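Coordinates in review
Next come the chains, spelled out residue by residue.
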Amino acid sequence: MNRIPLACPFFDGREMELLAACLESGHVAQGPLVARLEGGIEALLGGVHALAVSSGTAALHLAVRALDIGPGDEVIVPAFTWVATAHAVEYAGARAVFADVDPATFNVTVQSVERVLSPRTRAIIPVHLFGLPAPMRELVELAQRYGLHVVEDAACAIGAAEGGAKAGTMGDIGCFSFHPRKNMTTGEGGMLVTGDDTLKTRLAALRNHGAISRGTSLIESSFEILALNFRMSDIQAALGCAQLEKLAFMQEARTRLALRYGELLRGTELALPVAPEGAEHVWQAYVVRVQEGGRKRRDAIMRYLADAGVETRAGTQAVHRLVYYANKYGLRSEDCPGAALCEDTSMALPLYCGMKEGDQDRVVQELLNALKQS
């Protein structure tokens, strides 16, 4: 019985071709392939500067630093997200304040964000979780009303859109991840995008030891701010360039499989993912919720699937319940009940470009068996 993985990057000969060319060139640090990947992302998104970095987490960290957020400041983040969103805020010395999420979309709402605003709020970091854009039009209007920055955590959402506007381009800074579970990958790696020339210059310095170019080499640069090395290598960018060339093909495959899951699972007791009108979902993950039996039953279903050779995982984390945040701020599970519910009942099913419909049929059949027996 073959094991069906949760995710699997899609590689073909193009990655090998560009990797070989990179190695043969001898230029393996940040160089022409990084510039090529950045140009490709700028063309995909339109009207932004793109800066490649070493990870999606690095992108979030640098975005917070570029906006001079620090001690005494608060930044609103979703309570249901990967921990990196909140960690980027805390690492800058600011406080991460958690907004609850809508269990139907897994994203924050403008109402949940507005409830936790305070005089110390400096920014909002909405997350386009699992590839579905957060309600950015409403969130940007709220931010403008209160004079706040918006950093989009678009780690899962390359190519997603709301009302025709691309994810990552609607706030001050957008942050993407190219981790192997994302819709395109560089192994590890990430991308910052911004339409602001001043922010672009600051971000470029922050990813490169704080260097502001004054000549043709790093040694000739002016070092006016303290920063570390968050650059992407040309080896990573070789993968990224190949992946970007076939992103539309890979995305079509993911969308087809996601919609097929919806058809195969319609009428079951599971809560299926939704995409509000005007939102273009890119299906980084297909995440369902078990509506009866809570965490105990969800875990039993996941164990059954694991024994049947089907890999799953919980959607992501209710960050306000993690030890660091719960202890530091005295947070309780019930402070963000939507996030707690999502963590306890969500389950990501296998989804990747190259997945065969026969394997998808097996996932669904084993899932139906698990629901009956749990």
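Reading the values: the criteria
Note on numbering: residues in each chain are counted from 1, in written sequence order. Note on the predicted model: pLDDT of at least 70 is required for a residue's local features to be given, and 80 or more for side-chain atom pairs to be given and counted; whole-chain, interface and lining totals, by contrast, use all residues. Working from all heavy atoms in the structure, the side-chain values ignore hydrogens and water. Distance thresholds for patches are 9 Å for like charges and 5 Å for nonpolar side chains (Val, Leu, Ile, Met, Phe, Trp, Tyr), applied to residues having over 30% relative accessible area and no salt bridge. What sets the accessible areas is the Shrake-Rupley method with a 1.4 Å probe; for residues, cover comes only from the shown protein chains. Here, a salt bridge means any side-chain nitrogen of Lys or Arg that lies within 4 Å of a carboxyl oxygen of Asp or Glu. Only DSSP runs of H or I reaching four residues or more are called helices, and only runs of E reaching two or more are called strands; each is numbered from the N terminus. In this scheme, strands are said to pair when DSSP sees at least two bridges between them. Geometry is summarised by axes, namely lines fitted to C-alpha atoms with helices restricted to the contacting stretch, and by angles between N-to-C directions that run from 0 to 180 degrees. In what follows, residue pairs with any heavy atoms lying within 4.5 Å of each other are defined as contacts. What is meant by a nonpolar core is a set of buried Ala, Val, Leu, Ile, Met, Phe, Trp, Tyr and Cys residues, joined one to another through side-chain atoms within 4.5 Å. To sort residues, take the accessible area from a 1.4 Å probe on protein chains only and compare it with the maximum for the residue type: under 20% means buried, over 50% means exposed, and anything in between is partly exposed. Only rings of Phe, Tyr and Trp enter the pairing, Trp through its six-membered ring, and a pair is recorded when the two centres are within 6.5 Å. The plane angle decides the type: under 30 degrees is stacked, over 60 is edge-to-face, the rest tilted.

Description of a nonpolar patch on the surface
- Taken together, the side chains of Leu-23, Val-28 and Ile-235 make up a nonpolar region of the molecular surface, amounting to roughly 230 Å² of accessible area.
- Topologically, Leu-23 is positioned in helix H1 (residues 13-25).

Brief notes about the sheet that holds strand S2 (residues 74-78)
- Spatial ordering of the open sheet is given by S1-S10-S9-S6-S5-S2-S4, a layout of seven strands whose pairing is mixed. Every interior strand has two partners, whereas the edge strands, strand S1 (49-53) and strand S4 (95-99), have only one. In this sheet, adjacent strand axes meet at a mean angle of 25° when their direction is disregarded.
- Two elements, strand S5 (residues 121-124) and strand S6 (residues 149-153), share two bridges in a ladder whose sense is parallel. Considered in S6, the bridge of Ile-124 is made with Val-150.
- Along the sheet, helix H2 (residues 32-45) contacts S1, strand S9 (173-177) and strand S10 (190-194); its crossing angle with S1, the most-contacted strand, is approximately 135°.
- Across the face of the sheet, helix H7 (residues 197-206) comes into contact with S1, S9 and S10 while running at roughly 15° to S1.

What about the nonpolar core?
- One finds Phe-98, Ile-173 and Leu-192 to be the most contacted residues of the largest nonpolar core, which totals 67 residues.
- In terms of residues, this core owes the most to one element, helix H3 (residues 56-66), which gives seven residues.
- Not counting the four nearest positions on each side in its chain, Ile-173 is found in contact with Ala-63, Ala-66, Leu-67, Val-150, Val-151, Glu-152, Gly-168, Leu-192, Val-193, Thr-194, Leu-199 and Leu-203.
- If you look at the next biggest cluster of nonpolar residues, it comprises 33 residues, including Leu-45, Ala-160, Met-250 and Ala-253.

Some thoughts on the sheet that holds strand S13 (residues 270-271)
- Within the open sheet, the three strands sit side by side as S13-S15-S17. Their pairing is antiparallel. Each edge of the open sheet carries a strand with a single partner, namely S13 and strand S17 (346-349).
- Where strand S15 (residues 286-290) lies against S17, four bridges are found, and the strand directions are antiparallel. Looking across to S17, one finds that Arg-289 is bridged to Ser-346.

So, the pattern of salt bridges
- Tallied over the full model, the rule gives 24 salt bridges.
- Residue Glu-17 pairs with Arg-14 through a salt bridge whose shortest N-O separation is 2.6 Å. One end of the pair is Glu-17 and the other is Arg-14, both in helix H1 and three residues apart, which spans about a single turn.
- The class for Glu-17 is partly exposed, based on a relative accessible area of 48%.

A closer look at the packing of aromatic side chains
- Applying the stated criterion across every chain, the model contains eight aromatic pairs.
- Consider the rings of Phe-80 and Phe-130, whose centres lie 6.3 Å apart with planes at 75°: the pair is edge-to-face. Of this pair, Phe-80 sits in strand S3 (residues 80-81) while Phe-130 sits in the loop between S5 and helix H6 (136-146); the two residues are 50 residues apart in sequence, bridging distant segments of the chain. For the pair formed by Phe-80 and Phe-130, the shared burial category is buried.
- Taken together, the ring pairs connect Phe-80, Phe-106 and Phe-130 into an aromatic cluster.

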